[in-house]
Amino acid sequence: MAKQLELKGRRYWILSEPHGSGWKASVTEANDDGQSVPVGIEATAETRGAADDAAERKLRRMLQAY
């Protein structure tokens, strides 16, 4: 399952997968040509929702810096 976000005119996907006893979420940017580019943001947590939320917070923080 993936979560889609649209921030500052760009589209991002937060992808989650099981990781050990918890979850790992990573962020990719979706381009108009159908390609996806890893952003370099990852987060781990005990639950999928917590990992997704942590990755989204990191992404929003990164985008505010630019």
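Keep in mind it's a predicted model, so treat the numbers as computed, not measured.

**Looking at the pattern of salt bridges**
In this structure the tally under the stated criterion is five salt bridges. Two residues, Arg60 and Glu56, come together in a salt bridge whose shortest N-O distance is 3.0 Å. Within this pair, Arg60 and its partner Glu56 are both found in helix 1 (residues 48-65), separated by four residues, close to a single helical turn. A single network of salt bridges, built from pairs that share partners, joins Lys3, Glu56 and Arg60.

**Quick word on the confidence of the model for the protein**
Averaged over all residues, the pLDDT of the protein is 94; the fraction at 70 or higher stands at 97%. Averaged pLDDT values for the elements of the protein fall to 91 in strand 1 (residues 2-7) and rise to 97 in strand 3 (residues 22-30).

So, how was this worked out
- Residues numbered from 1 in each chain as written.
- Predicted model: local features only at pLDDT ≥ 70, side-chain atom pairs only at ≥ 80, totals over all residues.
- Heavy atoms only, no water.
- Salt bridge = Lys/Arg side-chain N within 4 Å of Asp/Glu carboxyl O.
- Helix = DSSP H or I, 4+ residues; strand = E, 2+ residues; numbered from the N terminus.
- pLDDT = per-residue confidence, 0-100.

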